[in-house]
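Descriptive analysis of the structure
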Amino acid sequence: MLDTSEAGHPAVRRRWFALLLRDRFACAAALVLVLVALCAVLGPLLAADLATRQNLRDPDRPPFRLDHGWAFVLGSDSLGRPVAARLLTAAGTTLAVAVPAVLCSLAVGSVWGMWAGYHGGRRESVSLRVADVILSFPSLLLAVVVLYVFSPSAASLVLVLAVARIPVYLRTARAEAAELRGRLFMDAARTFGTGSWAAVRRHVAPSVLPTLLTVAALDFCFVMLAESSLSFLGIGIQPPDVSWGLMVAQGRQELQSAWWIAFFPGLAIVVTTVSATVLASWARLTADPGQRWREALGRNAGRRPRREPARSAAGGGTGSSNPAVLAVEDLSVDVHTPAGPVPVVRGVGFTVRSGETLALLGESGCGKSMTAHAVAGLLDPVAEVTGGRVRLDGVDLLGLDPRARRRLAGPQLALVFQDALSALNPVLTVGTQLAEPFRIHEGMSRRAARDRAVELMERVGIPEARSRADAYPHQFSGGMRQRLLIATAVALRPKVLIADEPTTALDVTVQAQIMDLLAELRGEQRTALVLITHDLGLAAEHADRVAVMYAGAVVETGPVAEVFARPHHPYTRGLLESVPAEQHRGARLRSIPGGPPDPGAVPAGCAFRTRCPLARERCATHRPALTGTGAGRAAACHFGKELADA
Ligand SMILES: Nc1ncnc2c1ncn2[C@@H]1O[C@H](COP(=O)(O)OP(=O)(O)OP(=O)(O)O)[C@@H](O)[C@H]1O
């Protein structure tokens, strides 16, 4: 989200300008608004005299003739006044009413709404009642009453329109702030002692302002039209002053005989409003990093990978009697950021067979989850598969259209997420959620599906399954929720189960139970399990083979016992040395110096070379390929063979 405290910084302004230049529509809208603003400032200075000069001998002159000079190029009205000159002069009056009215209601309504929503309780309910009272009068009627009582002028018009629109912003800001009030980051801010205004400014405003900006752009149109109606009734802008609204109102009477009198100011209102709306929605998308790139990627949806896949050396080979059920080859994924695409998965390959567990191991941020999501077809729209193959039982999933992929991979490839609470629907009972796969894929009746759901709950160790099937996810403990998630994933007996750090948030006892459950299910159903973890102990205990990832690529793979006993890559060796073990008792633990590179700044050559004790000149210029270093083993290191032979 846009940090409001940084918004005025020159570097931030430059970044916004660069982003604006990339969007054709937003650029055009900004250009129109700048032109309108220029007209508003210069128009009254240059054309005010012409705009009021009547010529009753030559009324209703049609447009697009140059014989009377530029002021008459858009024709003249029934009093012979030039429409073009009036349009320019009116720009100033119109903006002088609409802009302050919208800004005042935006400022007052949003601050009031955020304050009310943040605090809740009495402050919130009183604020809402006030808004309801104002909204219960139609705003135009309210304005008519007030302007009849007070003398009509531009200032009173601004005041009335601003007051009438405050509730719109107040309610929007209140709703969003109330939603944010219960979030954990707000609790965290309170525990740090952040005051209420500071919390509103730092945490609420950046989330709420983009929405309010869009509302303000639409309101701009409403205010201009309200001003035109009030001017038409004689209680708005008073002649000889002129506004676009007043011009439309006056021209409306002669629409049949002299269309241009109302048409051009009407067009000016529409173009200005549309431009304001386009620019506001651009600002909204730009302020929300997720949204902007989501939008841009909408156009790429369903696109096939760009790069031709190459054969990958990773994996444990497929030549055995038990062929690989899942084979990932040279998989690459880019994440789209404001600075351009960033490769986060770079040519990953691995295979896994029925009944086998492959641990995908690596430090945080090395691309494990991205790989899993790309394999399962669940990538966030900001990320895109740019190359490679994902073969499930020999069929390349990336070559299928989304529907065929869902039909094939849905029942056969399941994913267990890290965060069970987010992965389960909070408003459906767990029984309903567990019954869903049976109803959708096996066409079972409601009762039969529910019976299967209860069986499944019993199978994953939920006590009193029948009665607890009517409970909601939040009524279960973390461990139980993880069991439920696993139950949902294995309901259709998938051939491949990808478990993305399934025990991260759980204590060690529950962790062991969940891992045992996964192992049992794998044995029973002959499922191929891809276990994503950064826990070497978990991998050592539960995996058959391991693929170690670094900076988006697999750097070592092989049978877990052999890799851990004798690593062929300095990164794997570093990881193992940084784990406390019995033989290290009393000695200082060695850690790998530095941290993993940012995906956008991976060093040339070997990505690990800046942290590697074995790095030589060659490592800076040549990226080592994953090559065989022994039976079923491979490492991406120029010295892999030496390490293997040492
Ligand atoms: N939505 C996103 N936008 C931009 N970058 C992203 C996004 N999601 C992930 N990344 C980047 O992609 C890289 C790989 O992320 P990924 O989640 O796959 O890592 P990981 O190895 O699973 O880490 P962890 O163990 O912490 O989950 C990281 O550098 C991350 O910053």
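Residues numbered from 1 in each chain as written. Predicted model: local features only at pLDDT ≥ 70, side-chain atom pairs only at ≥ 80, totals over all residues. Heavy atoms only, no water.

Thoughts on the overall build of the chain
Of regular secondary structure, the chain possesses 24 helices and 12 strands. Every one of the 646 residues in the chain was classed for burial, and the buried ones make up 48%. Look at the contacts in the chain between residues 6 or more apart in sequence, and 67% of them connect residues 24 or more apart. (Helix = DSSP H or I, 4+ residues; strand = E, 2+ residues; numbered from the N terminus. Buried < 20%, exposed > 50% of the residue type's maximum accessible area, 1.4 Å probe, protein only. Contact = heavy atoms within 4.5 Å.)

With respect to the UniProt feature "transmembrane region" (unreviewed entry) in the chain
According to UniProt, the feature "transmembrane region" (unreviewed entry) maps to residues 95–118 and 257–282 in the numbering used here. This span, residues 95–118, is 100% helix and 0% strand, and a straight line between its end C-alpha atoms measures 33 Å. Along residues 257–282 the backbone is 88% helical and 0% strand, and the end-to-end C-alpha distance reaches 40 Å. (UniProt positions renumbered as here; feature names shortened; annotations may be inferred.)

Structural notes on the packing of helix α3 (residues 83–119) against helix α9 (residues 244–252)
The description of two helices packed together rests on the angle between their axes and the distance between the axes. Contact pair α3 / α9: the axes reach a minimum separation of 8 Å and the direction vectors enclose 135°. As judged from the angle between their axes, α3 and α9 are oblique. For the pair formed by α3 and α9, the contact residues are Val-83, Arg-86, Leu-87, Ala-90, Ala-91 and Thr-94 on the first element and Trp-244, Met-247 and Gln-250 on the second. Split by residue class, the contact of α3 with α9 holds six nonpolar, two polar and one charged. (Axes fitted to C-alpha atoms, helices over the stretch in contact; angles between N-to-C directions. Parallel < 35°, antiparallel > 145°, perpendicular 65-115°, else oblique. Nonpolar A, V, L, I, M, F, W, Y, C, P; charged D, E, K, R; others polar.)

As for the site of the ligand
Lining the immediate surroundings of the ligand are 14 residues, of which Ser-364, Gly-365, Ser-369, Met-370 and Pro-599 lie closest. Within the backbone of Gly-365, an N or O atom sits 2.8 Å from an oxygen atom of the ligand. Expressed as a share of its isolated accessible area of 630 Å², the protein-covered part of the ligand is 65%. The element contributing the most residues to the shell around the ligand is helix α12 (residues 368–376), with three residues. Taken together, the residues that form the shell around the ligand break down as six nonpolar, five polar and three charged. (Near = heavy atom within 4 Å. Polar contact = N/O pair within 3.5 Å; in protein donor to acceptor, adjacent residues only side chain to side chain. Areas by Shrake-Rupley, 256 points an atom, 1.4 Å probe, with all protein chains shown as cover.)

Brief notes about empty space enclosed by the protein
One pass over the full model with this rule turns up four cavities of 30 Å³ or more. In this structure, the largest cavity occupies an estimated 60 Å³ of space. In terms of lining, the largest cavity is formed by Pro-343, Val-344, Arg-346, Gly-365, Ala-551, Gly-552, Pro-597, Pro-599 and Val-602. Looking at the lining of the largest cavity, its residues break down into six nonpolar, two polar and one charged. Roughly 40 Å³ of internal volume is contained in the second largest cavity. Across the lining of the second largest cavity, the residue classes break down as eight nonpolar, one polar and no charged. (1 Å grid on protein atoms, 1.4 Å probe; cavity = no way out; pocket = protein on both sides within 12 Å on 5 of 7 lines; lining within 4 Å. Points joined across faces, edges and corners; volume = space filled by probe spheres on them.)

Remarks on α12
Restricting attention to buried positions, one finds in α12 the residues Lys-368, Thr-371, Ala-372, Ala-374, Val-375 and Ala-376. Where α12 terminates, the next one or two residues include Gly-377, which has phi positive at roughly 70°.

Notes on the nonpolar core
Of all hydrophobic cores here, the largest spans 66 residues; its most connected members are Leu-326, Leu-413, Ile-498 and Phe-564. Counting residues in hydrophobic clusters, the runner-up holds 57 residues, among them Val-36, Ala-101, Leu-147 and Ala-216. (Core = buried A, V, L, I, M, F, W, Y, C linked by side-chain atoms within 4.5 Å.)

Quick look at the pairing of strand β9 (residues 545–550)
Most of β9 sits out of view: six of its six residues are buried. Where burial is concerned, the two faces of β9 agree: the one with Arg-545, Ala-547 and Met-549 and the one with Val-546, Val-548 and Tyr-550 are both buried. Here strand β3 (residues 357–361) runs beside β9; their pairing, made up of four bridges, is parallel. Looking at β9, one finds that Leu-361 is bridged to Val-548. Where β9 folds back on strand β10 (residues 553–559), the antiparallel hairpin that results is connected by two residues, among which Ala-551 adopts a positive phi of roughly 50°. (Pairing = 2+ DSSP bridges.)

A short note on the pattern of salt bridges
With the rule as written, the count across this model stands at 20 salt bridges. A salt bridge links Arg-174 to Glu-124; its shortest N-O distance comes to 2.4 Å. Taken together, the residues Arg-174 in helix α6 (residues 154–181) and Glu-124 in helix α4 (residues 121–136) connect sequence positions 50 residues apart. Both residues of the pair, Arg-174 and Glu-124, count as buried. Residues Arg-389 and Asp-396 are paired through a salt bridge, measuring 3.8 Å at the closest nitrogen-oxygen approach. Overall, the relative accessible area of 27% leaves Arg-389 in the partly exposed class. (Salt bridge = Lys/Arg side-chain N within 4 Å of Asp/Glu carboxyl O.)

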